[in-house]
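Residue-level structure breakdown
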Amino acid sequence: MSVESIRSDTTRSIARKKVCIVGFGAIGALYAFALEQSGKAEVTAVCRSNYETVKQHGLRIVSDKLGNHPAWHPHRVVRMVEEAADQDYSHIVCAVKCLPDVRSTSEILAPLLRKLSKSPETSIVLLQNGVGIEDDIYSAFAHLGLNNPVLSGCAWVDATAVDGGRTVAQHGTERLVIGYHRPASSTLFSEAASQVALDEFCDLLRSGGASVEPSDIDVARWRKVLWNASFSTVCTLTRARVCDVLAVSEARASLHDIMSEALLVARTCLPEDDFVKSVLHDKVAQDILENENPVSTFKPSMLVDLEAGRPMEVEAIVGGILKRAEEKGISTPRLSFVYASLKVIQAGLITSGAQSS
């Protein structure tokens, strides 16, 4: 290799953005792959249960959107967040499930958050379900005296880890709606810095082939939680696929009623502007029901977690709505019943997990 080639490679390497991905399940791995495919990013993958697999064999990517790749190895693979905290990053992406009743996101990211005082431009990117998931991060920021940009994204994608975690399969469409959050009270919040971080992260993903849609992320999260708070919870409580639930008229009515409660909370929490009204309009619940495939054999991730004996995203999806409802003095009897029922199941899952660990 010539000296010129070495210098060129070195320059390209230096120019690449360092991105840390915490949580290397299907979603984390898929978007980590897109980031590295851009040629503009180097990913440090924090893998826990699948560390040995990723380290030794890499991942097979089978994606309708990003193509097929037999053995992709991230730039760097570590087992613990503490190991990843040996350097600064442009973006720290959290793709683990939001399970505050097991372990909070800020606690998981703590070794990385403690270093942010030296890199105020580093963004935190939450690729998790639910509403109000940013509250935990802002609480940690207040304690640590931080003011970094906080982004989050809603992934509309069918991605699954199969073959013992050695393959990430993605079928159909892929879309990541992403935006930045604004803290409830901070005189130091920088809209400009948040926009810069968002633009840069979106550019990296787009360059890697992902479909990215910058948007008002608070509105996007409420739109997605309408589906998750209804379909995910009813499918989980009944241990049924989407098509099984849709086939029963009483179940369809319950889905509509649950979404209507969540919609009322959303509209009370969000500003009354034209964008909110266009996304969360009066007939949105009915539109969701009518647009859902009546023969879909899809199982929501909440049900998949239950069947695998893993804790579910009860707090992030339903608890987040109820917290906002309580703050606004809104009665949510259906969601409260769903929440209480899921909490009983969740308690058993957490206890079983603690006993087996």
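The rules behind each value
Residues numbered from 1 in each chain as written. Predicted model: local features only at pLDDT ≥ 70, side-chain atom pairs only at ≥ 80, totals over all residues. Heavy atoms only, no water. Helix = DSSP H or I, 4+ residues; strand = E, 2+ residues; numbered from the N terminus. Rg over C-alpha atoms; globule rule 2.2 N^0.38 Å. Buried < 20%, exposed > 50% of the residue type's maximum accessible area, 1.4 Å probe, protein only. Contact = heavy atoms within 4.5 Å. Areas by Shrake-Rupley, 256 points an atom, 1.4 Å probe, with all protein chains shown as cover. Lys, Arg positive; Asp, Glu negative; His and termini not counted. Charge placed at Lys NZ, Arg CZ, Asp CG, Glu CD. Expected span 1.5 Å × (residues − 1). Pairing = 2+ DSSP bridges. Right-handed = clockwise from strand over helix to strand, strands pointing away. Axes fitted to C-alpha atoms, helices over the stretch in contact; angles between N-to-C directions. Parallel < 35°, antiparallel > 145°, perpendicular 65-115°, else oblique. Nonpolar A, V, L, I, M, F, W, Y, C, P; charged D, E, K, R; others polar. Salt bridge = Lys/Arg side-chain N within 4 Å of Asp/Glu carboxyl O.

**A look at the overall build of the protein chain**
Secondary structure assignment for the protein chain yields 16 helices and 10 strands. Compactness check: the protein chain gives a C-alpha radius of gyration of 21 Å against a globular reference of 21 Å for 357 residues, within 12% of the reference. On the principal axes, the C-alpha backbone points of the protein chain span a range of 70 × 50 × 40 Å. Evaluated residue by residue, the protein chain yields a buried proportion of 51% over its 357 residues. Contacts spanning at least 24 positions in sequence make up 75% of the contacts within the protein chain whose residues lie at least 6 apart. For the protein chain, the computed accessible surface area is about 16,400 Å², with 52% contributed by carbon and sulfur atoms. The distance from the centre of the 37 positive side-chain charges to the centre of the 43 negative ones in the protein chain is 4 Å.

**Examining helix H2 (residues 26–37)**
For an α-helix, the turn length of 3.6 residues means that residues three or four places apart are oriented alike. Its 12 residues give H2 an end-to-end C-alpha distance of 16 Å, which sits within 8% of 16 Å, the value for a rise of 1.5 Å per residue. Taking burial as the measure, the 12 residues of H2 include 10 buried ones, the bulk of the element. At the exit of H2 stands Gly39, carrying a positive phi of roughly 75°.

**Re the pairing of strand S1 (residues 17–22)**
By the bridge criterion, 6 bridges tie S1 to strand S2 (residues 41–46) in an arrangement that is parallel. Paired with Ile21 across the two strands is Ala45, which belongs to S2. With H2 bridging S1 and its parallel neighbour S2, the resulting β-α-β unit is right-handed.

**Re the packing of H2 against helix H8 (residues 191–207)**
Interhelical geometry of H2 versus H8 gives an angle of 85° and a closest axis separation of 6 Å. In terms of their interaxial angle, H2 and H8 are classed as roughly perpendicular. Touching Tyr31, Ala34, Leu35 and Gln37 of H2 are Phe201, Leu204, Leu205 and Ser207, all from H8. Split into classes, the residues belonging to the contact of H2 with H8 amount to 6 nonpolar, 2 polar and no charged.

**Notes on H8**
Spanning 17 residues, H8 covers 24 Å between terminal C-alpha atoms, matching the ideal 24 Å at 1.5 Å per step. Taken from the residues just after H8, Gly209 is the one with a positive phi, measuring 100°.

**Regarding the pattern of salt bridges**
Pairing of side chains with opposite charge becomes possible as their charged atoms draw close. Overall, the coordinates contain 21 salt bridges when judged by the stated rule. In this structure, Glu52 and Arg79 form a salt bridge, with 3.0 Å as the shortest nitrogen-oxygen distance. A residue pair is termed long-range when its members are at least 10 positions apart, and Glu52 in helix H3 (residues 51–57) and Arg79 in the loop between strand S5 (76–78) and helix H4 (81–84) qualify at 27 residues. For Arg79, a relative accessible area of 34% gives the class partly exposed. Between Asp135 and Lys323 there is a salt bridge, and its shortest N-O distance comes to 3.4 Å. Of this pair, Asp135 sits in helix H7 (residues 134–144) while Lys323 sits in helix H15 (residues 314–328), and the two are 188 residues apart along the sequence. Residue classification places Asp135 among the partly exposed positions, given a relative accessible area of 23%. Judged by relative accessible area, which is 42%, Lys323 ranks as partly exposed. A single network of salt bridges, built from pairs that share partners, joins Lys97, Asp305, Arg310 and Glu313.

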